[in-house]
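The primary structure of each chain is shown beneath.
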Amino acid sequence: MTHKLLQASSDIGGYPQLASTTSHDIHQALEEAVQAQKLAWNNICANSETPTFANTIEPLEDSYREFSRATGIYYTYLSSMGTPEILELSEYWEPKLAEHTTAMANNEPLATRIANVEEHNLTPEQQRVLKLWKETFTDAGVYLSKDAQQQLAALEAELAKLSAEFSKALLTGAQQAALLIHDEEELTGLDESTRERLALNAAKNGHEGAFLLPQDLFAAPALLESLENPATREKYYANSINRGRAHTRDAGSADTPQTIQTGAKMSYLRAQRAALFGAKNHAELTIRRAVAQKSDEALAMLEKMLPQALANFRKELETMAEVAGVPVEDIHAADVPYYLKRVAEEKYRVDIQALRPYFELNSVVERGVFYAAETLYGISFTEHPELSSYYPDMRVWEVKDENGTLIGIFALDPYARATKQGGAWMNDLVPRDERIQQVPVVLNTLNIAEPAEGAPALLTLDNVRTLFHEFGHALHSLLSTAKYPSVAGTNVPRDFVEYPSQVNEMWMFHPAVVGNYARHIDTGETLPQEHIDALRASEQWGEGFATSEYLGAALLDMAWHTRSVEDGLIDSCEDAKAFEDEVLKRYGFDQYPVSPRYLTGMFKHIFGGGYAAGYYAYIYSEMMDAETVDWFEESGGATRHNGETFKNAILATGNSQDPAESFRQLRGRDPRIEPLLRRRGLLEE
């Protein structure tokens, strides 16, 4: 590897040289990485010796590491620096990368060598790595007939193209669906700093003197909870939910109706792909490799939870109506976030906005998120401002274990910007490889509102939770001890990957942590215990709504991906919307003022990401999370011993053993759903 992006630099941990990186640099790095991986495949196949782990799997892992480095940087720029040049690059590379994956699938000599590698005298981790590589080639279609392989290649290329189109249209749609407000009176309820930010946003987009309310990924945008004007809420909400599913701006559309049609087409192509492998549908094909194993069981879990979630939401509506002094039927979907917040403030005396001065970004990161990790796992963080990054606001730390050994590099890209996709995520810029002492370079990307110049960044409660959550993913990578990169860190099944990050959320209000970071920006006083008590008392408030909107999205995902080839292609926006409406009606959503968290035309997870037939994974992971939170509390909380036990069983192992076995190692049995139902207030007494 000769390109600078593919080489370990002389900086700490080989931190990649990201300064002044252009789309051309990324293009060249991808070209070199693809060619190098093809050469590695050819060299493996040209080896005339009997296939062994050493001469077949080891070099395959080497090529995986280098290719992952190139794609890790590419996808970071695509999601965080989505300039026109990068988006144009993605339109070229998405089908190219799909073609490259297919080339591996069609490499019969390589597949044959892997199939003939003996398992004798291998370590348990090596046996696991070999098993997963065999499954990878099986799932890639190498054992299909020639005709089926050609069909698969065409499907993969088309799906990659459509995914890139969906993501591009989604970003455009979010920008177009922003709500322009000229009368400041319509923004009653928003604090001064938020109004300033919205005014700046409008000015940047050529609307001096106005206010521009951006859309986020969710159907119900976060700002709804503070807007007091019902008409403003309704306009803002209409713009959000009609992204990708309406034809006219008058209906609140973002002029991107093609996204719902694109999603429908992708679901049909995925059904065709599943049929090539003998599966009924995409969900069956995908979930067989997950911890859940059976798509019917994953769907049954969602359907079991929904009636109780909607029943709880009905009770919440009655409470909201009582506080608002209006009939239940007068509370519309656009009003629900606002009234949920009002009840929290009035019934539970929780003023979310009043808490923000206690949550300053630097304090939350260094005295909260880092402190919890130091307490539990004995690791330490040292910031390195001199390390260059792709954006000025990024910050970088080296991470060492309690013996002073470097275990990784952690980077944080905190603020929202026009070129960044919504939401929050973690990814490896550089993957771990214990064999060459390569530590991971781990990135957390957030979308926190950037403060005015010179002002502190004050976080919402959701921002704080997101920081703890995403850093849980980072810990999964940083604390991995797996030897091989393909099974290190977060390279685990979709319904396991969210589990450690959800567990990490428990520390945000733990007594051993919260007093260390939640300090008032002006007075330095710690967050009063009565506020923490009120927050804990209100934890189940709104869970009926939150669970319902999540389950709606998960069930919509399942509905699209349990369609078979025989069900046919839904080939128009109108028919796709009709199918979506039928699914939501089937589950009772037409009876309640709640939309799924994501509707088809804005569902990036499943049509622009890797969660197709996998959005259920969040609740499945939370089932294990709820069990683990109980275990921590029963075992004494935030102790070094508990941290070490959890690390050894869950974080360190990655996918070097069956993740289901890792959970059993911690709890001594398979997970049970009751702790999760109890946490969400869904357990019938």
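All of these numbers come straight from a predicted model, not from anything done at the bench.

Caption draft 1: Focus on the overall build of the protein chain. Within the protein chain, the secondary structure is distributed over 25 helices and seven strands. Compactness check: the protein chain gives a C-alpha radius of gyration of 25 Å against a globular reference of 26 Å for 685 residues, within 12% of the reference. Here the C-alpha coordinates of the protein chain stretch approximately 80 × 60 × 55 Å along the principal axes. Across the protein chain, contacts joining residues at least 24 apart in sequence account for 74% of those joining residues at least 6 apart. Summed over all atoms, the accessible surface of the protein chain reaches about 27400 Å², with 48% contributed by carbon and sulfur. Taking the average location of the 62 positive side-chain charges in the protein chain and that of its 101 negative ones, the two points are 3 Å from each other.

Caption draft 2: Fine view of the packing of aromatic side chains. Throughout the structure, instances matching the rule amount to 35 aromatic pairs. Relative to Tyr592, the ring of Phe313 lies with its centre 6.2 Å away and its plane at 40°, an arrangement referred to as tilted. One end of the pair, Phe313, is in helix α11 (residues 295–324); the other, Tyr592, is in the loop between α20 (573–586) and α21 (604–607), and 279 residues separate them in sequence. Exposure remark for Phe313: the relative accessible area of 0% places this residue in the buried category.

Caption draft 3: Structural context of the packing of helix α23 (residues 640–651) against helix α24 (residues 659–667). At a minimum axis distance of 8 Å, the contact between α23 and α24 shows a crossing angle of 160°. Judged on the interaxial angle alone, α24 and α23 are roughly antiparallel. As α23 runs across α24, the sense of the crossing is right-handed. On the side of α23, the interface is formed by Thr645, Phe646, Asn648, Ala649 and Ile650, while α24 contributes Ser662, Phe663, Gln665 and Leu666. When the residues that make up the contact of α23 with α24 are grouped by side-chain class, the tally is five nonpolar, four polar and no charged.

Caption draft 4: Expanded view of the sheet that holds strand β5 (residues 406–415). Taken together, five strands build an open sheet; the order of strands is β3-β4-β5-β7-β6 and the sheet is mixed. Edge positions in the sheet fall to β3 (380–383) and β6 (425–430), since each of these pairs with one other strand and no more. Along the sheet, successive strands turn relative to each other by an average axial angle of 30°, direction set aside. Sheet topology note: the β5/strand β7 (residues 441–448) ladder contains six bridges and is parallel. Note that in β7 the partner of Asp413 across the bridge is Thr445. Strands in contact with helix α2 (residues 53–80) are β5, β6 and β7; relative to β6, the strand with the most contacts, it is inclined by about 140°.

Caption draft 5: Region of interest: the environment of Ala140. Residue placement: Ala140 occurs in helix α5 (residues 124–140). For Ala140, a relative accessible area of 14% corresponds to the buried category. Sequence-wise, Ala140 and Gly636 are 496 residues apart; in three dimensions their C-alpha atoms are separated by 46 Å. With sequence-adjacent residues up to four places away left out, Ala140 is seen in contact with Ala105, Leu152 and Phe277.

Caption draft 6: The arrangement of the packing of helix α14 (residues 361–377) against helix α15 (residues 461–478) in detail. Contact geometry for α14 and α15: axes closest at 11 Å, N-to-C directions at 40°. One finds that α14 runs oblique with respect to α15. Remark: the crossing between α14 and α15 carries right-handed chirality. Across the interface between the two elements, Leu361, Val364, Val365, Gly368, Val369, Phe370, Ala372, Ala373 and Tyr377 of α14 pack against Val464, Leu467, Phe468, Phe471 and Leu475 of α15.

Caption draft 7: Layout of the nonpolar core. Formed by 165 residues in total, the largest nonpolar core has its most connected members in Met320, Phe359, Phe468, Tyr517 and Phe646. If one sorts the elements of this core by residue count, α11 sits on top with 12 residues. Setting aside chain neighbours within four positions, we find Phe468 in contact with Val364, Gly368, Val369, Ala372, Ser501, Asn504, Glu505, Trp507, Met508, Val513 and Tyr517. In terms of nonpolar packing, the next biggest core, distinct from the first, is built from 32 residues, Tyr15, Phe67, Ile73 and Leu89 among them.

Caption draft 8: Broad picture of the pattern of salt bridges. For the coordinates displayed, the defined rule picks out 46 salt bridges. Close ionic contact of Lys265 with Glu158 constitutes a salt bridge, the shortest N to O distance being 3.4 Å. Here the residue Lys265 occupies a position in helix α9 (residues 258–276), and Glu158 occupies one in helix α6 (residues 146–176), the gap between them amounting to 107 residues. In this structure Lys265 comes out as partly exposed when scored by relative accessible area, which is 34%. Note that Asp670 is salt-bridged to Arg664, the shortest N-O span being 2.6 Å. The class for Arg664 is partly exposed, based on a relative accessible area of 31%. Ionic contacts of the salt-bridge type, sharing partners, join the residues Glu58, Asp62, Arg65, Glu66, Asp433 and Arg435 into one network.

Thresholds, definitions, all that
- Residues numbered from 1 in each chain as written.
- Predicted model: local features only at pLDDT ≥ 70, side-chain atom pairs only at ≥ 80, totals over all residues.
- Heavy atoms only, no water.
- Helix = DSSP H or I, 4+ residues; strand = E, 2+ residues; numbered from the N terminus.
- Rg over C-alpha atoms; globule rule 2.2 N^0.38 Å.
- Contact = heavy atoms within 4.5 Å.
- Areas by Shrake-Rupley, 256 points an atom, 1.4 Å probe, with all protein chains shown as cover.
- Lys, Arg positive; Asp, Glu negative; His and termini not counted.
- Charge placed at Lys NZ, Arg CZ, Asp CG, Glu CD.
- Phe/Tyr/Trp six-rings, centres within 6.5 Å; stacked < 30°, edge-to-face > 60°.
- Buried < 20%, exposed > 50% of the residue type's maximum accessible area, 1.4 Å probe, protein only.
- Axes fitted to C-alpha atoms, helices over the stretch in contact; angles between N-to-C directions.
- Parallel < 35°, antiparallel > 145°, perpendicular 65-115°, else oblique.
- Left-handed = near helix turned anticlockwise from the far one by under 90°.
- Nonpolar A, V, L, I, M, F, W, Y, C, P; charged D, E, K, R; others polar.
- Pairing = 2+ DSSP bridges.
- Core = buried A, V, L, I, M, F, W, Y, C linked by side-chain atoms within 4.5 Å.
- Salt bridge = Lys/Arg side-chain N within 4 Å of Asp/Glu carboxyl O.

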